[in-house]
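As a plain string of letters, each chain reads:
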Amino acid sequence: MKTLKRTIDFSAPYFLQAEPFQEKRTLSLNNQTTVELPDFRVEVTNSDHAFWVKEICEVTLSSAIARGTGISGRSPEFLIEKINKGEAVIAFADNGKWAGFSFISSWDNGRYVSNSGLIVAPEFRHTGLAKTIKRKIFELSRKKYPDALIFSLTTGLAVMKMNHELGFEPVTYSELTTDELFWENCKSCVNCPILMSKERKNCLCTAMLYDPKNEIPTAL
Ligand SMILES: CC(C)(COP(=O)(O)OP(=O)(O)OC[C@H]1O[C@@H](n2cnc3c(N)ncnc32)[C@H](O)[C@@H]1OP(=O)(O)O)[C@@H](O)C(=O)NCCC(=O)NCCS
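Residues numbered from 1 in each chain as written. Predicted model: local features only at pLDDT ≥ 70, side-chain atom pairs only at ≥ 80, totals over all residues. Heavy atoms only, no water.

Considerations on the site of the ligand
Close contacts around the ligand come from 19 residues, with Arg67, Val120, His126, Gly128 and Lys131 the closest. Within the backbone of Leu118, one N or O atom sits 2.9 Å away from a nitrogen atom of the ligand. In this structure, an oxygen atom belonging to the ligand sits 2.7 Å away from a main-chain N or O atom of His126. Relative to its unbound accessible area of 920 Å², the ligand is 72% covered by the protein chains. Going through the elements one at a time, helix H2 (53-67), strand E6 (112-120), helix H4 (129-144) and helix H5 (157-166) are the ones with two or more residues in the shell around the ligand. The class makeup of the residues in the shell around the ligand is 10 nonpolar, 5 polar and 4 charged. (Near = heavy atom within 4 Å. Polar contact = N/O pair within 3.5 Å; in protein donor to acceptor, adjacent residues only side chain to side chain. Areas by Shrake-Rupley, 256 points an atom, 1.4 Å probe, with all protein chains shown as cover. Helix = DSSP H or I, 4+ residues; strand = E, 2+ residues; numbered from the N terminus. Nonpolar A, V, L, I, M, F, W, Y, C, P; charged D, E, K, R; others polar.)

Dropping the structure here:
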């Protein structure tokens, strides 16, 4: 049975928020200690942001090693291209430090769009920043490719939860793009031998897909 997903309201504040949060946010630990969370600026990239690619690549690599699970690495040249084309989202803390990143790619002549490379700098994790980046990259995907099926592959619970909140559903790999170039990227992942042994039908990543056809128009 096909289920309709809840409406996504693109006028909601978090979709429009390119500016820092107005109020200082706090996190309560053990109901006793309260720590102040930094403000973040999350924006669609332009060529001025290419400067940050080295740090993005280094943190992505060290996080992949620390997790011991697969993250398919991307070359600095590839990310610079994404940044220049405005196919990525970058976040900065209020002190100017780079804080996070993610990018999109289109496949099968725009039939599919992947949301990939989500990374938050270790010092800014557990602040809600990944959620803000995910929403912004989702918004960018919808804006650039309104009719595309949007997908994400992950082994991480955090990403699965965020995808679910945005309306993604788990699917088998047969529902994803067959574009060879997309699957080529998996070659840099430690789990690639598993993917190949399963003839690309399965691997350790959970595939999640957002189908714009299931969206209920806001006017209804
Ligand atoms: C995964 C990652 C992006 C999360 O960033 P973050 O800024 O700490 O995430 P947020 O604070 O926005 O949390 C978002 C949600 O994920 C949950 N979450 C965060 N880290 C989690 C973890 N390690 N395990 C389970 N859930 C987690 C949070 O509780 C929150 O859920 P909630 O709204 O129900 O409370 C960050 O840990 C990271 O960069 N990791 C390394 C790179 C990586 O794994 N990228 C994903 C590749 S697919």
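Brief notes about the packing of aromatic side chains
The description of an aromatic ring pair rests on the distance of the ring centres and on the angle between the ring planes. All told, the structure shown has 13 aromatic pairs when counted by the stated rule. Considering the side-chain rings of Trp107 and Phe182, the 5.4 Å spacing of their centres and the 75° angle between planes classify their relative orientation as edge-to-face. Residue Trp107 is located in strand E5 (residues 98-107), and its partner Phe182 is located in helix H6 (residues 180-184); the two are separated by 75 residues in the primary sequence. In this pair, the class of Trp107 matches that of Phe182, namely buried. Ring plane angle 35° and centroid distance 5.7 Å describe the contact between Tyr173 and Trp183, whose orientation is recorded as tilted. Placement of the pair is Tyr173 in the loop between strand E8 (169-171) and H6 and Trp183 in helix H6, with a sequence separation of 10 residues. With relative accessibility at 7%, the residue Tyr173 sits in the buried group. Among the residues examined, Trp183 registers a relative accessible area of 4% and is labelled buried. (Phe/Tyr/Trp six-rings, centres within 6.5 Å; stacked < 30°, edge-to-face > 60°. Buried < 20%, exposed > 50% of the residue type's maximum accessible area, 1.4 Å probe, protein only.)

Structural notes on the nonpolar core
In terms of nonpolar packing, the biggest core is built from 34 residues, with Ile56, Trp98, Phe101, Phe124 and Leu129 touching the most fellow members. Elements that contribute at least two residues to this core include exactly strand E3 (40-44), H2, helix H3 (76-85), strand E4 (88-93), E5, E6, H4 and H5. It is E4 that provides the largest number of residues to this core, a total of 6 residues. With sequence-adjacent residues up to four places away left out, Trp98 is seen in contact with Trp52, Glu55, Ile56, Val59, Ile90, Ala91, Phe92, Ile119, Ala121 and Phe124. Within the second largest apolar cluster, 13 residues are counted, among which are Tyr112, Leu195, Ala207 and Leu209. (Core = buried A, V, L, I, M, F, W, Y, C linked by side-chain atoms within 4.5 Å. Contact = heavy atoms within 4.5 Å.)

Observations regarding the sheet that holds E8
Ordered in space as E3-E4-E5-E6-E7-E9-E8, the 7 strands form an open sheet in which the pairing is mixed. At either end of the open sheet lies a strand with only one pairing partner, and these are E3 and E8. Strand-to-strand twist of the sheet, defined as the mean angle between neighbouring strand axes without regard to direction, takes the value 25°. Examined bridge by bridge, E5 and E6 share 7 bridges and lie antiparallel to one another. (Pairing = 2+ DSSP bridges. Axes fitted to C-alpha atoms, helices over the stretch in contact; angles between N-to-C directions.)

Quick look at unusual backbone geometry
A positive phi angle, near 60°, is found at His126, a position not held by glycine. Mapped onto the fold, His126 is located in the loop between E6 and H4. Unlike most non-glycine residues, Arg200 shows phi in positive territory, near 65°. With respect to the secondary-structure elements, Arg200 resides in the loop between helix H7 (192-197) and strand E9 (206-210). Residue classification places Arg200 among the partly exposed positions, given a relative accessible area of 25%.

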